[in-house]
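# Commentary on secondary and tertiary structure
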Amino acid sequence: MKGASSAQVLRHGVFAVAVGVVGAAASVVLCLVVGWAYDLVCAHGWLLYLLPIFAVASLLLYRALKLPLDTTTHTVINDICADRPISPALAPGILLGTALSILGGASVGKEAAALHMGASLGDLVARPLKLRPLTGVWKGGSRADGAGGTSGGDGAVGSAGASKGAGIGAAASGGVHAYAASCGMAACFAALFFAPLGSTAFVIELSRYDRSVWRHAPFMLLACFVAFGLASIIGIGDVIPKVPLPALSWPVVGQCVAIAVACALVGTVYIQIIDGAQRLTKRISQNYYLWAALGGVLMAVLVTLFDWRGFEGTGANLLSDALAGRAGGWTFAVKALLTIVCLGLWLRGGEIMPTFTVGALLGASCTVMTQGDPAFSAAVGLVAFFAAMSRCPVTAFLMGCEIFGWAGAPAFALAVAVAFSLGRDVGLYGRGATGILKRATSAARARLVVKKP
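It should be emphasised that the depicted structure is a prediction, and the values quoted were computed from it without experimental measurement.

Calculation rules
- Residues numbered from 1 in each chain as written.
- Predicted model: local features only at pLDDT ≥ 70, side-chain atom pairs only at ≥ 80, totals over all residues.
- Heavy atoms only, no water.
- Helix = DSSP H or I, 4+ residues; strand = E, 2+ residues; numbered from the N terminus.
- Contact = heavy atoms within 4.5 Å.
- Disulfide = S-S within 2.5 Å.
- Salt bridge = Lys/Arg side-chain N within 4 Å of Asp/Glu carboxyl O.
- Buried < 20%, exposed > 50% of the residue type's maximum accessible area, 1.4 Å probe, protein only.
- Expected span 1.5 Å × (residues − 1).
- Patch = residues over 30% accessible without salt bridge, like charges linked within 9 Å, V, L, I, M, F, W, Y side chains within 5 Å.
- Areas by Shrake-Rupley, 256 points an atom, 1.4 Å probe, with all protein chains shown as cover.
- Core = buried A, V, L, I, M, F, W, Y, C linked by side-chain atoms within 4.5 Å.
- Phe/Tyr/Trp six-rings, centres within 6.5 Å; stacked < 30°, edge-to-face > 60°.

The topology assignment puts Gly109 in the loop between α4 (90–103) and α5 (111–126). Spatially, the C-alpha atoms of Gly109 and Gly315 are 7.8 Å apart, while their sequence positions differ by 206 residues. Setting aside anything within four residues of it in sequence, one finds Gly109 in contact with Thr98, Thr314, Gly349, Gly350 and Pro354.

In structure tokens, the structure reads:
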């Protein structure tokens, strides 16, 4: 790389391999711990009624670790975009917090835990290596999008708040904190989903094409493939079942478009309610213990009243049913409601696997209208709903291909394009590529006007 010393290139290579190993190990530990918690709540249903206590306990854990109680994936992304160091305490905090939520049957996923753990561990692994940018000097704050809009207005201190003085300052780090944390996120996510290409694209899109992140993409890819290779050998991660992939035809095109439209509409409502609930509760009171306890109580009441035991946890069981053609109807609305209750009221845990599940169930339910194959429809729904929710279209397409097979690339590309274009351009992680393009175009036009005599 031009302008980079061979010693720094070597250090970046060592870092990429090291963070790949650490990311794979973190993913395996996460899967084992969360799997153990889910098995317990399935075997002992009464643990559901302890969810309010577990929810408060997870926040007390964050307080003990000096982590902000409103830490979400979006606040971590804001920290990365601002090149702030990520607290090492975030890794054990989110691991145990997610496990406590799952132990009580909360409708949350573990994928956000993988992202948070990866960011925390990536920054930690990079510190002794004294990494420096490989091309030029990154200008602090000169990001592609100005910190990615906001879903929930999380420009707060975020996970970096516990790390004041840790490592080098943001202004002097040249974007290394951002790159190291992003590399860790990508590696841990790649090991969890066995999707190295989609994981690399995910953190680049999450950072809204932050220059300090995307310019180190080759090393991120190396870390992801190392993590993917190790996870594949161990065989522990989120294994999503394959489905038969039909050749592209006009009926298939019609099915993909119909499912994508439904995913865009439902996905927009879904993220707006979660975001709105978080904004409203913060405005009313920042007593997160109260909101988390209320979320636990509501979850327990809803599950008990309507016998929704099968909707507890990440939703992996429901996703498997949908991809096997055994789901449909209004089940997507039930899973969406329970996930909104848990995430909107600040329970620890993630949104990605529940989102995958809601999308797959919604896709399967669309077969009433499309008369298509329910398993394939579920796969299309998963990909399209994730694109609408995350505003990360490249990631949605690549992960769809890596999870289900590249033979589905034309169908997934069509579904992602429709769902992304029809959805609102502010997702759960902030603004998407459309907003970035609009702002870049406006800025370019403004510069042209200034230059005119």
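Still to come is the rest of the account.
Taken as a whole and judged by the stated rule, the model has zero disulfides. For the unlinked cysteine Cys224, the closest cysteine sulfur is that of Cys183, found at 6.8 Å.

Right, let's talk about the pattern of salt bridges for a bit. Evaluated as defined, the whole model comprises seven salt bridges. The salt bridge partner of Arg127 is Asp123, with a shortest N-O separation of 3.5 Å. By relative accessible area, which is 27% here, Arg127 ends up partly exposed.

Before going further, it helps to examine the environment of Ile240. When you line up the elements, Ile240 lands in the loop between α9 (217–234) and α10 (250–284). Each C-alpha atom, one on Ile240 and one on Ala379, is 10.0 Å from the other, the two residues being 139 residues apart in sequence. The contact partners of Ile240, leaving out residues within four places of it in the chain, are Phe193, Leu319, Leu323, Phe356, Ile403 and Phe404.

Taking 1.5 Å per residue as the helical rise, α5 with its 16 residues ought to reach 22 Å, and the 22 Å between its terminal C-alpha atoms agrees with that figure. α5 sits mainly inside the fold: 15 of its 16 residues count as buried.

Another aspect to go through is a nonpolar patch on the surface. Together, Val17, Val21, Leu222, Leu230, Ile233 and Ile234 give the surface a local cluster of nonpolar side chains, amounting to about 500 Å² of exposed area. Elements represented by at least two residues in the nonpolar patch include exactly α1 (6–43) and α9. Per-element tally for the nonpolar patch: the top contributor is α9, with four residues. For Leu222, a relative accessible area of 34% puts it in the partly exposed group.

What follows deals with the nonpolar core. Phe15, Phe193, Phe202, Ile352, Phe356 and Phe404 are the most contacted members of the largest nonpolar core, which has 144 residues in total. Broken down by element, this core gets its largest block of residues, 15 residues, from helix α6 (residues 176–193). Not counting residues up to four positions away in its chain, the partners in contact with Phe15 are Gly122, Val125, Ala126, Leu129, Leu131, Tyr179, Ala180 and Cys183.

The next point concerns helix α3 (residues 73–81). With nine of nine residues buried, α3 is to be regarded as a mostly interior element. Turning to α3, its buried residues number three or more, namely Thr73, His74, Thr75, Val76, Ile77, Asn78, Asp79, Ile80 and Cys81. Where α3 ends, the next residue or the one after it, Asp83, has phi of about 60°, a positive value.

Time to look at the packing of aromatic side chains. Evaluated as defined, the whole model comprises 15 aromatic pairs. Centre to centre, the rings of Phe202 and Tyr429 are 6.0 Å apart; their planes meet at 75°, and the pair counts as edge-to-face. In this pair, Phe202 sits in helix α7 (residues 196–206) while Tyr429 sits in the loop between β1 (426–427) and β2 (430–431), placing the two residues 227 residues apart along the sequence. Assigned by exposure class, Phe202 and Tyr429 land together as buried.

With respect to the element layout, His216 can be found in the loop between α8 (211–214) and α9. Residue class for His216 comes out buried when judged on its relative accessible area of 2%. Ignoring anything within four residues of it in the chain, the contact list for His216 reads His12, Pro133, Leu134 and Tyr179.

Although it is not a glycine, Phe194 adopts a positive phi angle of roughly 55°. Summarising the element assignment, Phe194 is placed in the loop between α6 and α7. Even without a glycine there, the phi angle at Arg208 is positive, about 55°. Relative to the assigned elements, Arg208 resides in the loop between α7 and α8. A relative accessible area of 1% places Arg208 in the buried class.

Just distances and angles here, no functional claims.
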